[in-house]
Amino acid sequence: MSTWHTKSVEATLRELDTSPVGLSTQQAIERLAKFGPNELERKKGKSPVLIFLSQFTEIMVIVLLIAAAISFAVGEMADAIMILIIVILNAILGFTQEYRAERAMEALQRLAVPRVHAFRDGKLQEIESISLVPGDIVILEAGLRVPADARLIESANLRAEEAALTGESVPVDKSIAKVEDEGAALGDRTNLVYAGTTIVYGRGQAVIVETGMSTELGNIATMLQEVTGERTPLQKRMAELGKWLAIGALAICALVFLEGLLQGNPVEEMLLTAISLAVAAVPEGLPAVVTIALALGAQRMVRRQALIRKLPAVETLGSVTTICSDKTGTLTQNRMTVTALDIAGDSISFDQLLKKSQPSIRVNGIGKIIAESDFALLLGAASLCNDARLELDENGDGDRYIAIGDPTEGALVVAAASIGLDKTGIEKQMPRVAEVPFTSERKRMTTVHKLPPAENSDGAAAGLVELFPRAPYVAFAKGSVTELLSVCDRVWANGSIEPLTKEWGWRIEVANDNLAKDGMRVLGAAFAPLDELPKEQSEETLERNLIFVGMTGMIDPPRPEVKEAVVECKRAGIRPVMITGDHPFTALHIAKQLGILSGDDTQQVITGVQLSEMSVEELESIVEHVSVYARVSPEHKVKLVEALKDKGHFVAMTGDGVNDAPALKRADIGIAMGITGTDVSKEAADMVLLDDNFATIVNAIEEGRTIYENIRRFVRYIISSNVGEIFIMMMAPLLGFGIPLTALQLLWINLITDGLPALALGVEPTSADVMDRPPHKPDESVMARGLGTYIIVIGLLLGSVCMLALHLGYNVLSDQNHAIAQTMVFTTLCLSQLGNALAVRSETKTLGQLGLFSNPSMVLAVISGFLVQLAVIYVPFLQNLFHTTALTLEQFGVSLALSLIIFISVETFKFFKNRKRVEPAQEAA
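Everything in this summary refers to the structure shown in the same document.

Definitions and cut-offs
Residues numbered from 1 in each chain as written. Predicted model: local features only at pLDDT ≥ 70, side-chain atom pairs only at ≥ 80, totals over all residues. Heavy atoms only, no water. Patch = residues over 30% accessible without salt bridge, like charges linked within 9 Å, V, L, I, M, F, W, Y side chains within 5 Å. Areas by Shrake-Rupley, 256 points an atom, 1.4 Å probe, with all protein chains shown as cover. Salt bridge = Lys/Arg side-chain N within 4 Å of Asp/Glu carboxyl O. Helix = DSSP H or I, 4+ residues; strand = E, 2+ residues; numbered from the N terminus. Buried < 20%, exposed > 50% of the residue type's maximum accessible area, 1.4 Å probe, protein only. Core = buried A, V, L, I, M, F, W, Y, C linked by side-chain atoms within 4.5 Å. Contact = heavy atoms within 4.5 Å. Axes fitted to C-alpha atoms, helices over the stretch in contact; angles between N-to-C directions. Parallel < 35°, antiparallel > 145°, perpendicular 65-115°, else oblique. Left-handed = near helix turned anticlockwise from the far one by under 90°. Nonpolar A, V, L, I, M, F, W, Y, C, P; charged D, E, K, R; others polar. Polar contact = N/O pair within 3.5 Å; in protein donor to acceptor, adjacent residues only side chain to side chain. Expected span 1.5 Å × (residues − 1). Arc of directions from axis to C-beta. Phe/Tyr/Trp six-rings, centres within 6.5 Å; stacked < 30°, edge-to-face > 60°. Pairing = 2+ DSSP bridges.

**Considering a nonpolar patch on the surface**
And step 1. On the surface, Phe72, Met77, Ile81 and Ile85 cluster together to form a nonpolar patch covering roughly 340 Å² of accessible area.
And step 2. Take the nonpolar patch: its biggest share by element is 3 residues, from helix α5 (residues 77–101).
And step 3. Here Phe72 lies in helix α4 (residues 59–73).
And step 4. Note on Phe72: relative accessible area 36%, which makes it partly exposed.

**So, the nonpolar core**
And step 1. Ranked by size, the top nonpolar core spans 161 residues in total, and within it Ile323, Leu341, Leu379, Met430, Phe476, Phe527 and Phe694 carry the most contacts.
And step 2. With 16 residues, helix α28 (residues 694–734) is the single largest residue contributor to this core.
And step 3. Not counting residues up to four positions away in its chain, the partners in contact with Leu341 are Asp346, Ser347, Ile348, Phe350, Leu353, Phe375, Leu378, Leu379, Met551 and Thr552.
And step 4. Core analysis: the next-biggest nonpolar cluster, separate from the first, contains 24 residues, Ala643, Met653, Ala663 and Val688 among them.

**Concerning the pattern of salt bridges**
And step 1. Scanning all chains against the criterion turns up 24 salt bridges.
And step 2. Between Glu162 and Lys174 there is a salt bridge whose closest N-O contact spans 2.7 Å. In this pair, Glu162 is assigned in the loop between β4 (149–161) and α7 (163–166) and Lys174 in the loop between β5 (172–173) and β6 (192–193), connecting sequence segments 12 residues apart.
And step 3. Glu162 sits in the buried class, given a relative accessible area of 0%.
And step 4. Close ionic contact of Arg490 with Asp489 constitutes a salt bridge, the shortest N to O distance being 3.1 Å.
And step 5. In this structure Arg490 comes out as partly exposed when scored by relative accessible area, which is 27%.
And step 6. Salt bridges sharing partners connect three or more residues here, namely Arg442, Arg444, Glu483, Glu539 and Glu543.

**What to know about the packing of helix α21 (residues 562–571) against α28**
And step 1. The interhelical angle for the contact between α21 and α28, taken along N-to-C directions, is 30°, at an axis separation of 8 Å. When the interaxial angle is binned, α21 and α28 end up roughly parallel. In the crossing of α21 with α28, the sense of the turn from one axis to the other is left-handed. Touching Val562, Ala565, Val566, Glu568 and Cys569 of α21 are Phe694, Ala695 and Val698, all from α28.
And step 2. Along the lines of polarity and charge, the residues of the contact of α21 with α28 split into 7 nonpolar, no polar and 1 charged.

**Topic: the side chain of Arg666**
And step 1. Looking at the element boundaries, Arg666 is found in helix α26 (residues 661–666).
And step 2. For Arg666, a relative accessible area of 16% corresponds to the buried category.
And step 3. In terms of polar contacts, Arg666 uses its side chain to reach the side chain of Glu642, at 3.1 Å.

**Structural notes on helix α19 (residues 502–517)**
And step 1. The terminal C-alpha atoms of α19 lie 22 Å apart, and with 16 residues this matches the ideal 22 Å at 1.5 Å per residue to within 8%.
And step 2. Among all positions of α19, only Trp504, Gly505, Ile508, Ala511, Asn512 and Leu515 are buried. Mapping the buried residues of α19 onto a view down its axis gives an arc of 130°, with all of them on the same face. Pointing more than 90 degrees away from the buried face of α19 are the exposed residues Lys502, Glu503, Trp506 and Lys517.
And step 3. Looking at the packing, one finds that the buried side of α19 touches β10 (337–343), α18 (481–485), β17 (488–493), β18 (496–499), β19 (521–530) and β20 (546–555).

**Notes on the environment of Val567**
And step 1. Within the secondary structure layout, Val567 lies in helix α21.
And step 2. Using a relative accessible area of 45% as the deciding quantity, one classes Val567 as partly exposed.
And step 3. Residues Val567 and Gly595, 28 residues apart in the sequence, show an inter-C-alpha distance of 7.2 Å.

**Focus: the packing of α28 against helix α32 (residues 818–839)**
And step 1. One can describe the packing of α28 onto α32 by two numbers: an axis separation of 10 Å at closest approach and a directional angle of 160°. In terms of their interaxial angle, α28 and α32 are classed as roughly antiparallel. Relative to α32, the crossing made by α28 is right-handed. Contact with α28, carried on its side by Tyr717, Ser720, Ser721, Glu725 and Ile728, involves Val825, Leu829, Gln833, Leu834, Asn836 and Ala837 of α32 and no other residues of that element.
And step 2. In the contact of α28 with α32, the residues fall into 6 nonpolar, 4 polar and 1 charged.

**Digging into helix α15 (residues 407–418)**
And step 1. Helix length check: α15, at 12 residues, gives a terminal C-alpha distance of 16 Å against a target of 16 Å (1.5 Å per residue), a fit within 8%.
And step 2. Buried within α15 are the following residues: Thr408, Glu409, Gly410, Ala411, Leu412, Val413, Ala415 and Ala416.
And step 3. Directly after α15, the chain includes Gly420, whose backbone phi takes a positive value near 100°.

**A word on the packing of aromatic side chains**
And step 1. Applying the stated criterion across every chain yields a total of 4 aromatic pairs.
And step 2. Ring centres 5.7 Å apart and planes at 70° place the aromatic pair Trp492 and Phe527 in the edge-to-face group. Placement of Trp492 in strand β17 and of Phe527 in strand β19 is noted, with a sequence separation of 35 residues between them. We note that Trp492, like Phe527, is buried.

**Digging into the pairing of strand β15 (residues 444–450)**
Both faces of the sheet carry side chains from a regular strand, because those side chains alternate between them.
And step 1. Judged by how many residues are buried, β15 sits mostly within the fold: 6 of 7 residues are covered.
And step 2. Relative to β15, strand β14 (residues 432–439) runs antiparallel, the two sharing 5 bridges. Among the inter-strand pairings, Thr439 is bridged to a residue of β15, identified as Arg444.
And step 3. Sheet topology note: the β15/strand β16 (residues 473–479) ladder contains 7 bridges and is antiparallel. Across the sheet, residue Met445 finds its bridge partner in β16, namely Lys478.

These results come straight from atomic positions and should not be treated as a statement about function.
Next comes the structure, spelled out in structure tokens:
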């Protein structure tokens, strides 16, 4: 951590061997060679070719490639081509996702400043920012982006917007005074400005102290390079499933092949049997089905204002246990708003004031001064002693105004306008004739206005003038309450002026402290009628003998929809955590307003300084119990995410600033803001909120949980069907029936019965209770919660039913006609799987409870599969292609009846399971 903020201006210049007139050209050249260019370096990433080739290293993909090679070897071109198409489509998709992720560093580099004004050889010159070196003296002005980390040596009302780096919701006042606290947070180092931040007010000069990768922005870039993304739970589960399927398939193929040889069967026949088993064992449609399900989910999320950048993140959302959310712009509106007013200890919320029957001062005509006129004087003073202005919002609906200027001053202008005090109109009648600008040392500003003659005034200006003693001029001041009181000798109380006694001073300080404890930024306002305008307008002549009016409390208010979203999160077993660079009081107040902390929660906010002092063990001991962190740095955010992950949590991190990028990338799922978010945060994130709405995260999590359940349905359906295929393919030759199904018939079943019904499962409606359940454990197996048992039981039952169809077709319904028996097995297996698809739509509800037409896509898939299977049996062209024969009505009827066994068995089991659940509940009632 740098300590430039603890050094005086003189010590800084001396240590950097420079002066207020900057470096010489020769010095700059030497230092550029030593420190390097002032730019962000990019760690060399993988080439596009390597990125593409890496997509073929997953176990499931390798299994598919082996299956394709075997199919090619035995002349099954259709099988091989279909498998390769699936593999290539998945590779292209994965390549696109990873290649886009590599662009995160490019977004950081775009924050660089192209040209700056700096002193070289004693002259002010325009130079490229890339050539800046430590010791250069640069000019800072409103609107400019800071080119490198620098120590201020001159400051005139300088304010910097550092929200993207520190999380501060308002610009930071800057000064040249050294900061004593060596461990001060970035936002508290008021004598430093940082690369990538923006000057919004005032001007100054600064000496460059750090450049390129040594800047705070460079530190973030380094972390972004070092942090590696992790595989999602779905990727891990599918890899695990693929591994075991591959092992199982090879073992079974080898076993059957060896047993056949031992029985004296020909090598060619057993090789064909083994290949057929491999085709049956490998669910080549599973990766495609999963990808399509994720893509469909991503499309639905876009309609709900959530853009998924990496497809596996769709499912990842369903496992989230903790959301670490930035405050500014995510939980709040990123817009300072006046929320409280206080005059002489009489406080009122601004909403209450607006609910009054009429504004304090009406715009048309002098108007009637109502009881709240004291508050009108407060807002009138704060609005006129102000450099912000209101302008018509060109992007709005034609009658909406927005504040231009400092956010805090803009909030005061908006508040005044809300009660009828239009600053532009009032200033025309009360023009500013003198001023004492704000300085960070005085922490106040003063403006003097000429008052109109009584006969020439009207509207709000006339109403405002009536509130205070008549004089040719009036001085308005606003700023820190403590600093204002130092130049006041009177106080405005209930429409009259009283001496500022110790009791009044105590009451004002208590009110100030109470507003500050509520997380508000507090500004006081004062005024003084002037009989004449002093010849010398200075703080000594204008800021004396003022009358203290009152205080305004401002805060960046919470988004109205977030509170309900937080409730929804907690109901779903997800803990929201606020991580912000803002003040602890502000963070605590917002957290309680939103319900992140309960009203009686006495928990203290943990600050960045405290986090820095904590060991890994100490942090992990509190991280599951603390929900608010304030004054944090980028390193702290990553540290918190890692601590939560070490404790077994699945972490989502939301953010919009440059400082959030490393944590977004390190989190299990990073969520960036689409409107206020920086390019860096969007490129590092897995998901982007298009409306910057925290509630959208809840919708996305609901969608993610639904998709994961649908994927489990795919696995339950496809693998149980494949187990049945393996069983019949393995047992039939051993029992002397020969090979019951050809490889093409198996592929047909996998593509038709596994394809359309599986896709229909992907659009299964969301369960009503999906957000009433806790998140699934991130490390749970895809076979958890009874899925493995279902697959084995139903798979064996399906295989047994097919064996029965083979026996009946060969020995009972024909005179040992292999073609008829094979067609009956083919038909029974196909129709059984369609019944299985209807049964797996829910683990607990029967089809009657779900409603047959609650998923029209499934009805269409089952009917289509049934009709296509009829065509394969009875259309001559397809009979020749698939080696089938026409079945008699009796033979087809037996196959149909046998195929219903799976559906009836599963539905009966669910019926009695539900009945057992209801009976204990009724007894308890």
